[in-house]
Amino acid sequence: MSDLAHYLRISNLLAGNLNIHTALGSVKAEIDKIIEFDHLDICLTDTDKTWNTSYEVGLQTTWSTSRTLVRQSPVRDILLGKTDHLLTGNALNDPRYVFPGAESAPILHHEFRSRVNVAMKVLGEVVGSLNCSSKKENFYDERHVEQVRILADMLAPYFYALRANEKANTEAVFRARILAREEGLRLGALSLTDALEAERQRIGMDLHDQTLADLTRIARDIRPGLTTVQHHRLQQQIQNMIQDLRDIIDTSIPTILELFGFQHAVLTHMERAVSRDCTPQFDVEDQTGGNVDALPETTRIAIFRICQEAINNAVLHSGATHISVVASCHDPRGDLKIEICDNGQFQTRTGKPGSGFAHMKTRAHLIGAKFEHSTKDGTRITVKLPQTAQEAERAEHEDFAG
């Protein structure tokens, strides 16, 4: 079969392929009949000529695992328009391919000696390069350059269009994610408004049922001729009321979190919580090396509030004898994980069963975290904050600050 017949088959095989990888794979066998190779790849540049992406068949190398800076590419002279082709009999010692900072590891590792590279152009503009490599030395000559040039001219418009379509799809997915995030934040804000209203009512009830009742009792007990014992009892009641007010204020303004950090703030809240009616054992660990405190303020406060709510539930409603809070790095990607565990008996609170979990879940979703809870053999609450959510929160914080 003549080369022309193979070129025609390549055109037919490309039709209907909507993915660069499958399109290149569909024509690999026909290209191999025109020009023999150990490795074939298509290198396409971004619009601004800063980065390039490789799509390869045959041997799989690191070229296709990530983008490469054009200035570090072994075919940079083609991508930058300095030449329309490169030809070498031994790329291992050719400074055009192997130079300081070059992404030449595949050439050296797989011993791609002979190489022929030709520019891929659309409307006269270089959009990439078609690259053939062989492990044999001095395998290619000028005749092969012309064969690859014909292939490059055939493939360039098609793969350029596929790349544009791929980019458009990626941007569409990105926009959809942004819209979904905005909608999630909107719904979360509505839910948080309800949660804040419930918090306001809780504070009002605390002041009514506790502080106002104490003041009423003190006002009733104040009368002329108090004995020393009665006077001392009134002083103690006033001190207790002041401490109760401090507890109410501390649950509303996390000043300790700002001053001393996450671990100390949670530990302090734990100490105050368990001193009320019971004395369970407890421990607080930050295994992240301070990463929690490096989070933006809104994210850090949300995590602290979740810990507060979980600790209060454990102390007031579960009868737990041990409570723990552990912050750790979830995996090598940098995700953060906060776990609040107790060994008590789970009970729903009077009024709105599960509302505490709902509030915690809302706070977690507003910062892009995943919320999980289990009530088997005690209660375990897990908040996972992905690295992407941490970066997004920091970016939004920086944009706002700017």
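Heads up: these notes are all about the structure in this document. (Residues numbered from 1 in each chain as written. Predicted model: local features only at pLDDT ≥ 70, side-chain atom pairs only at ≥ 80, totals over all residues. Heavy atoms only, no water.)

**Describing the pattern of salt bridges**
Summed over all chains, the structure comprises 12 salt bridges. Residue Lys33 is joined to Glu30 by a salt bridge in which the shortest nitrogen-to-oxygen separation is 3.4 Å. One end of the pair is Lys33 and the other is Glu30, both in helix 2 (residues 20-34) and three residues apart, which spans about a single turn. A residue is classified by how much of its surface remains accessible, and Glu30, at 3% relative accessible area, is buried. One salt bridge in this structure joins Glu111 and Arg113, with 3.5 Å as the shortest N-O distance. You can call Arg113 partly exposed: its relative accessible area is 22%. Beyond isolated ion pairs, a larger network of salt bridges with shared partners links Arg9, Glu30 and Lys33. (Salt bridge = Lys/Arg side-chain N within 4 Å of Asp/Glu carboxyl O. Helix = DSSP H or I, 4+ residues; strand = E, 2+ residues; numbered from the N terminus. Buried < 20%, exposed > 50% of the residue type's maximum accessible area, 1.4 Å probe, protein only.)

**Quick notes on helix 2**
Side chains three or four residues apart in an α-helix point the same way, a direct result of the helix having 3.6 residues per turn. For helix 2, spanning 15 residues, the distance from its first C-alpha to its last is 21 Å, which sits close to the expected 21 Å at 1.5 Å a residue. Of all the bends in helix 2, the largest measures some 45 degrees and sits at Lys28. Turning to helix 2, its buried residues are Ile20, Ala23, Leu24, Val27, Glu30, Ile31 and Ile34. Capping the start of helix 2 is the job of one residue whose side-chain oxygen sits 2.8 Å from the backbone nitrogen of His21: Asn19. (Expected span 1.5 Å × (residues − 1). Bend = angle between axes of the 7 residues up to and from the residue. Polar contact = N/O pair within 3.5 Å; in protein donor to acceptor, adjacent residues only side chain to side chain.)

**Structural notes on helix 9 (residues 297-318)**
The end-to-end C-alpha distance of helix 9 is 31 Å, a good match for the 32 Å that 22 residues give at a rise of 1.5 Å each. Within helix 9, 17 of the 22 residues are buried, which leaves it mostly tucked inside the rest of the structure. At the exit of helix 9 stands Gly319, carrying a positive phi of roughly 70 degrees.

**A closer look at the packing of aromatic side chains**
As enumerated under the stated definition, the model contains three aromatic pairs in all. Look at Phe139 and Tyr140: their rings are 5.2 Å apart centre to centre, the planes differ by 70 degrees, and that puts the pair in the edge-to-face class. Taking the ring centre of Trp51 as reference, the NZ or CZ of Arg67 above it sits at 4.6 Å. We note Arg76 situated over the ring of Phe99; from NZ or CZ to the ring centre the distance is 3.6 Å. (Phe/Tyr/Trp six-rings, centres within 6.5 Å; stacked < 30°, edge-to-face > 60°. Lys NZ or Arg CZ within 6 Å of the ring centre and 35° of its normal.)

**A closer look at the layout of surface pockets**
Reported here for the second largest pocket is a volume of approximately 490 Å³. Lining the second largest pocket are 18 residues, and of these Thr45, Asp46, Thr47, Arg163 and Lys167 sit closest to its centre. Within the residue set of the lining of the second largest pocket, elements represented by two or more residues are strand 1 (39-45), strand 2 (51-58), strand 6 (125-134) and helix 5 (142-221). In terms of residue count, the dominant contributor to the lining of the second largest pocket is helix 5 (seven residues). Each residue belonging to the lining of the second largest pocket can be placed in one class, and the counts come to six nonpolar, four polar and eight charged. (1 Å grid on protein atoms, 1.4 Å probe; cavity = no way out; pocket = protein on both sides within 12 Å on 5 of 7 lines; lining within 4 Å. Points joined across faces, edges and corners; volume = space filled by probe spheres on them. Nonpolar A, V, L, I, M, F, W, Y, C, P; charged D, E, K, R; others polar.)

**Details of the sheet that holds strand 4 (residues 85-88)**
Where strands meet in a sheet, backbone hydrogen bonds hold them as pairs that are either parallel or antiparallel. One open sheet holds the six strands; their spatial order is 3-2-1-6-5-4, and the pairing between them is antiparallel. Among the strands making up the open sheet, the edge pair consists of strand 3 (68-69) and strand 4. For strand 1 and strand 6, the ladder comprises six bridges, and the chain directions are antiparallel. Its bridge partner being in strand 6, His39 is matched across the sheet by Ser133. The sheet contacts of helix 2 involve strand 1 and strand 2, and relative to strand 2 the element is tilted by about 45 degrees. (Pairing = 2+ DSSP bridges. Contact = heavy atoms within 4.5 Å. Axes fitted to C-alpha atoms, helices over the stretch in contact; angles between N-to-C directions.)

**Concerning the packing of helix 8 (residues 262-274) against helix 9**
Between helix 8 and helix 9, the shortest axis-to-axis distance is 10 Å and the interhelical angle comes to 20 degrees. In this view, helix 8 runs roughly parallel relative to helix 9, as classed from their interaxial angle. In terms of crossing hand, the pair formed by helix 8 and helix 9 is right-handed. Within the contact between the two elements, helix 8 uses Phe262, Ala265, Val266, His269, Met270, Ala273 and Val274 and helix 9 uses Ile303, Phe304, Cys307, Gln308, Ile311, Asn312 and Val315. Residues that form the contact of helix 8 with helix 9 fall into these classes: 11 nonpolar, three polar and no charged. (Parallel < 35°, antiparallel > 145°, perpendicular 65-115°, else oblique. Left-handed = near helix turned anticlockwise from the far one by under 90°.)

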